[in-house]
Amino acid sequence: MTVLRKNLIDGEWLGEAGSRNINPSNTNDVVGEYASAGPVEAKQAIAAAKAAFPAWSRSGPLARHAVLKKTSDEIMARKDEIGRSLAREEGKTLAEGVGETIRAAQIFDFFAGETLRLSGELVPSVRPGVGVEMTREGVGVVGIITPWNFPIAIPAWKIAPALAYGNTIVFKPAELVPESAWTIVDILHRAGLPKGVLNLVMGKGSVVGQAMLDSPDVTAISFTGSVGTGKRVAAASVEHMRKFQLEMGGKNPLVVLDDADLGTAVDCAVNGAYFSTGQRCTASSRLIVTEGIHDRFVDAMRDRLDKLVIGDALDAKTQIGPVVDQTQLKQDEDYIAIGRQEGAELAFGGDRLERGTPGFYLQPALFVGSTNAMRISREEIFGPVANVIRVKDYDEALAVANDTPFGLTSGICTTSLKHATHFKRNSEAGMVMVNLPTAGVDFHVPFGGRKGSSYGPREQGRYAMEFYTTVKTAYTFAG
């Protein structure tokens with residue numbers, strides 16, 4: 001019997017079945033049924049969050065710490081169960097699902113600690129007898145809209161700081177992955193959150209998300225998703241003079257120089273471009289390789305890709321799981337066709353695969369002979385597709401790497417301290433990796449990019465405070 005997961009509004013589980021969650025590794029497997037909120041439910045959730053804000057924003061640090069610490073502890077204790085469920089609904093491998101779950105637990109643990117480290121400043125005024133205090137307060141009702149590719153980590157790194165700094169929340173997860181979202185909300189609810197502090201509204205973005213954008217009572221929105229939707233969030237937020245934070249696309253370069261260790265370069269490229277089925281905004285979709293190592297690199301990539309195990313996400317032997325759904329699979333195949341039409345050579349993969357169960361299996365694709373002007377080099381594909389761009393030297397590699405409308409992350413593989421140092425300073429990206437995959441970041445340091453990839457303060461770590469709080473300056477004359 002399939003369990004119905006309901007929305008959480010003002011401390012009550014409400015709603016009727018509206019959508020089914022399908023396992024992309026086995027489309028005959030229904031993960032669960034989930035309530036679908038409409039505009040009425042969204043408005044109720046916003047009203048509940050607004051009503052709960054005064055008390056929660058003035059709650060003591062120990063109250064917030066207790067909720068976040070309990071949440072961290074339960075997620076960690078259930079990491080195998082939750083990680084398996086995550087892999088089942090999203091399609092990333094079991095190891096990746098468990099790893100992402102552990103990361104969510106670590107994020108809640110970090111922000112539990114932050115509640116006990118809240119601080120301000122006390123400075124003397126330029127006027128005698130006057131004291132000046134600078135403190136931070138929660139901004140109010142925060143709308144949180146998350147994507148499907150990291151169904152528990154991204155909600156965690158938005159929800160945890162929002163709660164730690166005294167905000168209340170209306171949370172709309174991606175329709176494709178409601179189980180992970182429901183699980184994290186259920187854990188937080190049972191950890192002792194007062195009613196109305198956290199509200200879950202599952203449903204269509206065009207309905208629930210739009211209701212959030214239209215409401216003057218939503219004082220801040222944190223969004224991760226497509227560039228097009230991000231621009232809509234920005235436009236609607238400007239109208240209401242609300243804070244907004246956007247994490248959008250990436251077309252991330254990995255530069256491989258002649259002096260690079262070949263094994264390290266291939267490890268970085270395969271991990272960055274193809275793990276999590278390439279469905280990461282930090283994926284290395286452009287492999288920019290200098291002439292002296294180009295042919296050896298391509299041969300080594302073919303050999304490594306040929307040995308990858310593509311299969312059911314729940315099989316422990318699987319290294320690459322399925323694409324998340326039919327829509328994303330079609331997009332991947334369309335871009336593979338576009339690459340061929342543009343004149344790039346498909347050096348490996350790109351074919352649909354059959355496995356023991358019906359699913360969205362795609363062989364990782366590698367293009368060579370591509371240029372940075374091609375659509376496969378300019379547009380985010382969001383699948384297991386990467387292309388190699390041959391360049392003459394480091395200077396051309398850097399120029400090509402920066403020639404993109406995005407600027408989330410970048411990487412370089414080299415044994416040259418000179419080139420590594422120069423690249424870190426001159427790469428036009430928010431995060432830079434040296435001899436590491438472009439995908440894969442720590443939970444306690446800032447996450448975010450430049451140009452068309454991000455807008456607003458950084459996420460994660462102590463830098464999250466910049467978005468989830470507002471500064472108050474208070475003057476006191478002692479008389």
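One can find the structure itself at the top, above this paragraph.
Report follows, based on the coordinates. Everything numeric here is computed off the predicted structure, so don't read it as measured data.

A covalent bond between the sulfur atoms of two cysteines is referred to as a disulfide. By the definition in use, this model includes zero disulfides. The thiol of C413 is unpaired, and the distance to the nearest cysteine sulfur, on C268, comes to 3.9 Å. C413 gets classed as buried once you look at its relative accessible area, which sits at 0%.

Under the defined criterion, the tally for this structure stands at eight aromatic pairs. Arranged with centres 5.4 Å apart and planes meeting at 40°, the rings of W13 and W182 form a pair that is tilted. Taken as a pair, W13 in strand β3 (residues 12–14) and W182 in helix α6 (residues 178–190) lie far apart in primary sequence, 169 residues in all. Owing to a relative accessible area of 13%, W182 belongs among the buried residues under this scheme. One aromatic cluster is present, formed by F110, F111, Y165 and F443 through successive ring pairs. Over the ring of W182 we find R5, and its NZ or CZ is 3.9 Å from the ring centre. The cationic tip of K92 hangs over the ring face of F150; the distance from NZ or CZ to the ring centre is 3.7 Å.

Across the sheet, which stays open at both edges, the three strands sit in the order β6-β7-β23 with antiparallel pairing between neighbours. Whereas interior strands pair on both sides, the edge strands pair on one side only; in this sheet they are β6 (121–124) and β23 (469–477). With strand direction ignored, the average angle separating the axes of adjacent strands in the sheet is 20°. As judged from the four bridges shared by β6 and strand β7 (residues 130–138), these two strands associate in the antiparallel manner.

Time to look at the pattern of salt bridges. Within this structure, the stated rule accounts for 26 salt bridges. Among the salt bridges present, the one from R20 reaches E33, with a minimum N-O distance of 3.3 Å. Within this pair, whereas R20 is found in strand β4 (residues 17–23), its partner E33 is found in strand β5 (residues 26–35), the two being separated by 13 residues in sequence. A relative accessible area of 53% places R20 in the exposed class. Among the ionic pairs, D267 bridges to R304, the shortest N-O distance being 2.7 Å. Residue D267 is located in helix α9 (residues 262–274), and its partner R304 is located in helix α10 (residues 291–307); the two are separated by 37 residues in the primary sequence.

Definitions and limits used
- Residues numbered from 1 in each chain as written.
- Predicted model: local features only at pLDDT ≥ 70, side-chain atom pairs only at ≥ 80, totals over all residues.
- Heavy atoms only, no water.
- Disulfide = S-S within 2.5 Å.
- Buried < 20%, exposed > 50% of the residue type's maximum accessible area, 1.4 Å probe, protein only.
- Phe/Tyr/Trp six-rings, centres within 6.5 Å; stacked < 30°, edge-to-face > 60°.
- Helix = DSSP H or I, 4+ residues; strand = E, 2+ residues; numbered from the N terminus.
- Lys NZ or Arg CZ within 6 Å of the ring centre and 35° of its normal.
- Pairing = 2+ DSSP bridges.
- Axes fitted to C-alpha atoms, helices over the stretch in contact; angles between N-to-C directions.
- Salt bridge = Lys/Arg side-chain N within 4 Å of Asp/Glu carboxyl O.

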